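Coordinate analysis (summary)
Spelled out from the first residue to the last, the chains are:
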Amino acid sequence: MSEHTKTPWKLYKAKLRPDISDVVIIEVQDRNGKSIIKWGGFDGQKNRDANAAFIVRACNSHDDLLAALRLCLPVMEVDAEMSHFLQGFARQENENDRVLARVKAAIEEVER
C-alpha cells in the first residue's frame, strides 16, 4: 500500500456557479493547496460541512493520536492485568482486555 498524502490537510469550499446555482464544491487539499479529494457528493446534506471538516480533522489528528496510543499501551496492559486481580484472579476476558485487543490491532494495522 502506498503512503497517504502528508498532513496537514485543509478544507476548501466554494460555490460552483454562484450566479446561477447553489451547488457547492468541497475539496480536501494538501498543505500546498493541491486537491486530494474533490466532490460535490455532500450537496443536499445538511451536515455536509461538518462531515468534510471531520474528515480533515481526523486525518490531521491521526499521527499524534497513534503516538499517544503507543505511549499509553504499557499502562493499558498493566490496567488490564490489575482488573483481573480485582476480580479475584479469575482469568476471564473483561472489557479492559477487549479494549486492549482493539488498541493493539489498530497499532498493528498502521505498522503493516
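Description of the structure in this document. (Residues numbered from 1 in each chain as written. Predicted model: local features only at pLDDT ≥ 70, side-chain atom pairs only at ≥ 80, totals over all residues. Heavy atoms only, no water.)

1. Quick notes on the overall build of the protein
- Tallying secondary structure elements over the protein gives 2 helices and 3 strands in all.
- In the protein, which comprises 112 residues, the proportion classed as buried is 21%.
- Nonlocal contacts in the protein, meaning residues at least 24 apart in sequence, comprise 32% of its contacts between residues at least 6 apart.
- Only carbon and sulfur atoms are counted for the fraction: they give 57% of the accessible area of the protein, which is about 8300 Å². (Helix = DSSP H or I, 4+ residues; strand = E, 2+ residues; numbered from the N terminus. Buried < 20%, exposed > 50% of the residue type's maximum accessible area, 1.4 Å probe, protein only. Contact = heavy atoms within 4.5 Å. Areas by Shrake-Rupley, 256 points an atom, 1.4 Å probe, with all protein chains shown as cover.)

2. Points about unusual backbone geometry
- Note the cis peptide between T7 and P8, where omega equals 10°.
- Counting through the fold element by element, P8 comes out in the segment before β1 (10-15).

3. A word on the nonpolar core
- Counting 6 residues, the largest nonpolar core consists of L66, L73, A80, L100, V103 and I107.
- Counting only elements with at least two residues in this core, the list comes to α1 (48-86) and α2 (95-111).
- Once you skip the residues sitting within four places of it in the chain, I107 turns out to touch L66, L69, R70 and L73. (Core = buried A, V, L, I, M, F, W, Y, C linked by side-chain atoms within 4.5 Å.)

4. Some details on the pattern of salt bridges
- Counted by the stated rule, this structure contains 3 salt bridges.
- In this structure, the salt-bridge partner of K6 is E3, at a minimum N-O distance of 2.4 Å.
- The partner of K13 in a salt bridge is D49, and the shortest N-O contact between them spans 2.7 Å. Placement of K13 in strand β1 and of D49 in helix α1 is noted, with a sequence separation of 36 residues between them.
- In this structure K13 comes out as partly exposed when scored by relative accessible area, which is 45%. (Salt bridge = Lys/Arg side-chain N within 4 Å of Asp/Glu carboxyl O.)

5. Here we look at the sheet that holds strand β2 (residues 24-29)
- As summarised here, the arrangement of the 3 strands in space is β1-β2-β3, forming an open sheet in which the pairing is antiparallel. Only two strands of the sheet have a single partner each, and these edge strands are β1 and β3 (35-39). Going from strand to strand, the sheet's axes swing by 20° on average, the running direction of each strand aside. (Pairing = 2+ DSSP bridges. Axes fitted to C-alpha atoms, helices over the stretch in contact; angles between N-to-C directions.)

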